Amino acid sequence: MNSIRSVLEGVGSTLILFMRSISHVGTLSRQKSRFIEQCYVIGYTTLPIVGILSFFVGSVLALQSGYSMQDFGTQQFIGALVGLSMVRELGPMMVAILLAGRVGSAITAELASMKVNQEVDALVTMNIPPAKILVLPRLAAVLMMMPVLTVISNLVGWFGGALVCKYTGFISVEPQQYFQALRHVVKFKDVIDGICKAEIFGFIVVLVCSSIGLSTRGGPREIGAAVTKAVVSSLVLILVLDYFVTKLLLAILS
Amino acid sequence: MNNSQQTARVGLFFLLGLALIYVTYETLSGGKTFSRSGYTVVAGFPNLQDLKPTDDVRMAGVRIGSVYVTRLGKGRAEAVLQIDPQYTIPSDASATIVMAGIIGTDYISIDLGTTQAPALKDGAEIKTKITPDIASIMTQMAELGHKLDSALSSISNAVNGSGPDGGVFQKFNRLLSENQTKIDASMTNLQEITGKINRGEGTLGKLVNDSKLHDDLLAAVGDFKATASEAKNVMASAQTVLDQVKAGQGALGVLVYDKQAAEDLKFTLHDIRDFSDKISKGQGTLGKLINDDSLYFGLQGTLKKADRAMDGLNDSGPISAVGSLSKSLF
């Protein structure tokens, strides 16, 4: 009973935070420096790990599907498989999971420590809403950076797959053939689909992590608990929402 | 890190992202928005099968453009082909839809045509050839398979047999098993015979193994040859005789080929027959002589008398002989 109540509390506080942040959208032009800083943290500093992870995700995808496909002699279609999987599913999801681990945890830790150290209370006392200066720049930054990260992830994944296809003995598919199959199957619509998903995931990760951080009560121990809770909630939400968002996008576009 | 550096990095990063999105778009849509250069050619087909925009257009295997759009025309399906400007298509070249892969990677194949034909202009219509799609081929293959199946089953019925007699193989098998001993004996005999031949026993063996016999045989054959040539000569002379007969020369020739002589011969034969008839009937002197007994008896009596007269003559001398002879005669 207590746990259900806490879940409902979490959903409610997240929605309230979302509404409050949206209501301050007009002030974004005056928070340019905060926005740029958050863009830097969310986008620029996340790039290396996104690149490395996407490369290996694409590689292992090509390797596994090549291993399965060699029984049917359909290796020339690996490009299509890797391309479509990266663009529609793995690219956005990998970026969102990395964002939850790397950025979401940082946001929760920062906001929770501010809350525990009563800095948030001080802001409220000075009539500065925390949603305005702490949450809104982050939400705007994540919306701005997610497409960039996703597209980089897609392309790096594609090239990882192409390299594996070229240099793996039992696959032996030339990059030209790989990209021809990819081009034949992957449409730009699929890329847009993937970017839409990434935007939704990124927005939810930042919103949930901010909400959990700002609702922390207690001492330093609660900061760690809040970070754990934020990351776990984000991952669960990403994977559960992934199914419904995919279904929704397929229904809209078809 | 100062603030402006951070701003620059974020700006750079964002622009990089935008550029990559654009690159992706260009890659996937085949550069349709950016490079609509070249000219278009319309190809009409009864069925475009699995052809999609951005599929390749190849001339003799070389990529010369792509399918720009597919649409329905008047009673046919049309594919608008975007051809790169450096390539020209002769007006007598024809286009076909070719299937390159199993999962439907079709392309349009244009043959080379002839070089003297004028090149197609922008928006012109290219000649097309209908290619049978895989489904119709498969249907035909299935029919063929059924026919082959029935043919094979009838063959296998003939071979394996379905009736009480069984097929060819069963019959053959029965024949073999029933005559096993005979066949064995025959084989043994055959083996013996061949062994003898091999060892040079018997005529055949000598024939096979003895070289002298071979020489003799050769000489005999030579004799035969000589005889044959002589026979040929004989035949040749017979031929000349026959030729002469044919030509009506010589007695035989006259007999065979002269009509008048034949007629004469016929009459002669007829007369002879008449003559012999009369004789047999007893007509005429000769006939009577032959057929009439009385004459014979008369003659016999006369001869007896003559005999007696001779006897008397012996006794009474020549005068009484003449007297008794004239007495007996008259």
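Each remark here, short or long, concerns the structure printed above.
My aim in this report is to walk through the structure given alongside it, one point at a time. Predicted model only: the values in this text are computed from it and were never measured.

Quoted interface sizes are often the accessible area lost when the parts come together. Contacts between chain A and chain B engage 27 residues on the former and 24 residues on the latter. Carbon and sulfur atoms supply 79% of the area that chain A and chain B bury against each other, a total of about 2500 Å² over both sides. Counting the contacts that link chain A with chain B gives zero salt bridges. At the surface where chain A touches chain B, the tally comes to one residue pair in polar contact (both at pLDDT 80 or more). Top contributing element to the side of chain A that touches chain B by residue count: helix H6 (residues 130-167) of chain A, with nine residues. Across the side of chain A that touches chain B, the residue classes break down as 20 nonpolar, four polar and three charged.

With 23 residues, helix H8 (residues 259-281) of chain B extends 33 Å from end C-alpha to end C-alpha; this agrees with the ideal 33 Å at 1.5 Å per step. Taken from the residues just after H8(B), Gly282(B) is the one with a positive phi, measuring 85 degrees.

Residues and elements named next belong to chain B. Position of Ser153 among the secondary structure elements: in helix H2 (residues 134-160). What makes Ser153 partly exposed here is its relative accessible area of 36%. Here Ser150 takes part through its backbone oxygen, which lies 2.8 Å from a polar atom of the side chain of Ser153.

Three- or four-residue spacings in an α-helix give side chains the same orientation, since the helix completes a turn every 3.6 residues. Residue and element names in this part refer to chain A. Taking 1.5 Å as the rise per residue, helix H1 (residues 2-23) with 22 residues should run 32 Å; its terminal C-alpha atoms sit 31 Å apart, in good agreement. Residues of H1 that are buried include every one of Thr14, Leu17 and Ser21, and no others. Seen from one end, H1 has its buried residues packed into an arc of 65 degrees, which puts them on one side. Among the exposed residues of H1, those pointing more than 90 degrees away from its buried face are Ile4, Arg5, Leu8, Leu15, Met19, Arg20 and Ser23. In this structure, the buried residues of H1 make contact with H6 and helix H8 (188-214).

What counts, and where the lines are drawn
Residues numbered from 1 in each chain as written. Chains lettered and ligands numbered in written order. Predicted model: local features only at pLDDT ≥ 70, side-chain atom pairs only at ≥ 80, totals over all residues. Heavy atoms only, no water. Contact = heavy atoms within 4.5 Å. Buried area = accessible area lost by both parts, 1.4 Å probe. Salt bridge = Lys/Arg side-chain N within 4 Å of Asp/Glu carboxyl O. Polar contact = N/O pair within 3.5 Å; in protein donor to acceptor, adjacent residues only side chain to side chain. Helix = DSSP H or I, 4+ residues; strand = E, 2+ residues; numbered from the N terminus. Nonpolar A, V, L, I, M, F, W, Y, C, P; charged D, E, K, R; others polar. Expected span 1.5 Å × (residues − 1). Buried < 20%, exposed > 50% of the residue type's maximum accessible area, 1.4 Å probe, protein only. Arc of directions from axis to C-beta.

None of the figures reported here should be taken as evidence of function without further support.
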